[in-house]
Amino acid sequence: MLDIKFVRENQEAVAEAMRNRNAAWDGSAFAELDEERRRAIQEEEALQAERNAASKEIGRMMGQGLKEDAEAVKERVRAINDELAEVSRRREVADNALRDMLLATPNMPDAATPVGKDENDNPEVRRWGTPRDFAAEGIEAKAHWDLGPELGIIDFERGVKLAESRFYVLGGLGARLERALINFMLDQHTSRGYKEWWVPAIANATTLTGTAQLPKFEEDLFKTTGGLYLIPTAEVQLTNLHAQETLDVSQLPLNYTAFTPCFREEAGSAGRDTRGIIRVHQFSKVEMVKYATPETGFDELEKMVADAENILQKLELPYRVISLCTGDIGFSSAKTYDLEVWLPCYDGYKEISSCSCCTDFQARRAGIRYKDPENFKGSRYVYTLNGSGLAVGRTMAAILENYQQADGSVKVPDALVPYMGGVTVIGPEA
């Protein structure tokens, strides 16, 4: 959430930032609500001061035996209390309206975030690896949605039978490959300084509000009974581990990682990526989250991207890194890099990781602060960062497609062989 004082003092900058983000922003409505709130606060303070003075006057009068005069002042105090209740109601209404407005307002893009309208304006930063030329090898490349069922490791029909469309079942070496990828990714991250966590797959509304999934994106969430939600990403839980806490600067940066199942309604994705396991309702993901100081936040973002790239490089999967423009970054993000892996079925690159620095936007919502007594008094909000490390299903799809062989089998990447119990090739299963 944006700082109300910052918005008040930088309304033109906020308006320009929201235009660049293609986000709705009513500066006039904010100014009116803010003025109403401040006016109500001033009236509250004046009435409270008058009531305090009157109370002292009543005591003085009672001490002097001036009961009738004291009763008249008491009547004024009762009137003040009625006026104060109404003014407080007005202030509360303005407070709530301002909070609702700011909860629905996205983060300010960082100055280094390229200005652009949509994904077509995202500049490429770098590429790694060279996509295979299947035609030169005499191989007709198949999509993972064909390879998986032919190998007997992905079953889309049973996924629909057990749940509904956009669910799938993994069997045999498909299930083994999923588990291998999860363990491999976690081992890579923990070896690079991340602390592993095991967190609930269900979160409450306060937790989801802290990371800004609520209230803006409720339609994308699976809701359970009792006001709980299935998490769309472990970012929700890892970021809120320190909600309403004050850390010491010596603890920062904190590097956390976790595997969780993730659940998304995909309410706004009708017709997109309907085949295969690219865009589904339930998927596995290994997440990275960092807490940092404002001075180091964007440096930590570069490190996080490198940690995600490390996974793709170890798996020898071609990818590219792009910098998301202002019209394409996520709601909480100030700066985002996407990693896109090469998928032959698309004859192009597809997102497999998104790494973002959210500045203090989430920390202000979740109440996550830190102290640094040697450099400032009181406390400041931390910077939070999050990134996929990686989306497991999309990584599996990339392996199946990029490592397919002429006989229809799939070679297991060397880095995964120990995690596959020594299996080097995935062949057809009954």
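### Here we look at the overall build of the protein chain
Step number 1: In terms of helices and strands, the protein chain carries 13 helices and 17 strands.
Step number 2: Over its C-alpha trace the protein chain gives a radius of gyration of 28 Å, far above what one expects of a compact globule, namely 22 Å for 430 residues.
Step number 3: A principal-axis box enclosing the C-alpha atoms of the protein chain has dimensions of 105 × 45 × 40 Å.
Step number 4: A burial count over the protein chain gives 49% of its 430 residues as buried.
Step number 5: Residue pairs in contact within the protein chain that sit at least 24 positions apart in sequence constitute 74% of those at least 6 positions apart.

### Quick notes on the nonpolar core
Step number 1: The biggest cluster of nonpolar side chains holds 56 residues, and the ones touching the most others in it are L181 and I426.
Step number 2: Per-element accounting of this core gives the leading share, eight residues, to helix 8 (residues 173–191).
Step number 3: Beyond its immediate sequence surroundings of up to four residues, L181 is in contact with L315, V392, T395, M396, I399 and L416.

### Side note on the packing of helix 3 (residues 27–63) against helix 4 (residues 67–103)
Step number 1: In the contact formed by helix 3 and helix 4, the axes pass within 8 Å of each other and the chain directions differ by 160 degrees. By the angle class used here, helix 3 and helix 4 are roughly antiparallel. The two elements helix 3 and helix 4 meet at a crossing, and its hand is left-handed.
Step number 2: For the contact of helix 3 with helix 4, the residue count by class is 20 nonpolar, three polar and 15 charged.

### What about the side chain of N310?
Step number 1: Within the secondary structure layout, N310 lies in helix 11 (residues 297–314).
Step number 2: For N310, the residues in contact, after removing those within four places along its chain, are Q188 and R192.

### Looking at the pattern of salt bridges
Step number 1: All chains considered together, the criterion is met by 33 salt bridges.
Step number 2: For E35, the salt bridge goes to R39, with nearest N and O atoms at 3.6 Å. In this pair, E35 and R39 are both assigned in helix 3, four residues apart and thus about one turn of the helix distant.
Step number 3: For E35, a relative accessible area of 36% puts it in the partly exposed group.
Step number 4: In this structure R39 comes out as partly exposed when scored by relative accessible area, which is 34%.

### Some details on the sheet that holds strand 15 (residues 383–391)
Step number 1: Strand order in the open sheet formed by eight strands is 1-10-11-12-15-9-8-4, with mixed pairing between adjacent strands. With one partner strand each, in any of the chains shown, strand 1 (124–128) and strand 4 (195–197) form the two edges of the open sheet. Each adjacent strand pair in this sheet contributes to an overall mean axis angle of 25 degrees, direction not counted.

### Topic: the state of the cysteines
Step number 1: For the structure on display, the rule yields zero disulfides.
Step number 2: Cysteine C355 shares no disulfide, and the gap to the nearest cysteine sulfur, in C358, comes to 11 Å.
Step number 3: Of the residues examined, C355 reaches a relative accessible area of 0% and is grouped as buried.
Step number 4: Unpaired in this structure, C358 has its nearest cysteine sulfur neighbour in C357, at a distance of 6.7 Å.

### Section: the pairing of strand 15
Step number 1: The element strand 15 is extensively covered by neighbouring structure, given that nine of its nine residues are classed as buried.
Step number 2: Pairing of strand 12 (residues 348–357) with strand 15 involves three bridges; the strand directions are antiparallel. Looking at strand 15, one finds that C357 is bridged to L385.

### Thoughts on the side chain of K290
Step number 1: Mapped onto the elements of the fold, K290 is located in strand 9 (residues 282–292).
Step number 2: Judged by its relative accessible area of 2%, K290 falls in the buried class.
Step number 3: Here the side chain of K290 touches E300 through a polar contact of 2.8 Å, side chain to side chain.
Step number 4: Each residue touching K290, except ones within four places of it in the same chain, is listed here: Y194, L254, N255, E300, K303, M304, Y383, T384 and L385.

### Considerations on unusual backbone geometry
Excluding glycine, a negative phi dihedral is what most residues carry, and trans is how most peptide bonds are arranged.
Step number 1: With an omega of 0 degrees, the peptide bond between L214 and P215 qualifies as cis.
Step number 2: When you line up the elements, P215 lands in the loop between helix 9 (205–210) and strand 6 (229–230).
Step number 3: In this model, D347 sits at a positive phi of 50 degrees, which is unusual for a non-glycine residue.
Step number 4: Position of D347 relative to the elements: it lies in the loop between strand 11 (335–343) and strand 12.

Criteria and thresholds
- Residues numbered from 1 in each chain as written.
- Predicted model: local features only at pLDDT ≥ 70, side-chain atom pairs only at ≥ 80, totals over all residues.
- Heavy atoms only, no water.
- Helix = DSSP H or I, 4+ residues; strand = E, 2+ residues; numbered from the N terminus.
- Rg over C-alpha atoms; globule rule 2.2 N^0.38 Å.
- Buried < 20%, exposed > 50% of the residue type's maximum accessible area, 1.4 Å probe, protein only.
- Contact = heavy atoms within 4.5 Å.
- Core = buried A, V, L, I, M, F, W, Y, C linked by side-chain atoms within 4.5 Å.
- Axes fitted to C-alpha atoms, helices over the stretch in contact; angles between N-to-C directions.
- Parallel < 35°, antiparallel > 145°, perpendicular 65-115°, else oblique.
- Left-handed = near helix turned anticlockwise from the far one by under 90°.
- Nonpolar A, V, L, I, M, F, W, Y, C, P; charged D, E, K, R; others polar.
- Salt bridge = Lys/Arg side-chain N within 4 Å of Asp/Glu carboxyl O.
- Pairing = 2+ DSSP bridges.
- Disulfide = S-S within 2.5 Å.
- Polar contact = N/O pair within 3.5 Å; in protein donor to acceptor, adjacent residues only side chain to side chain.

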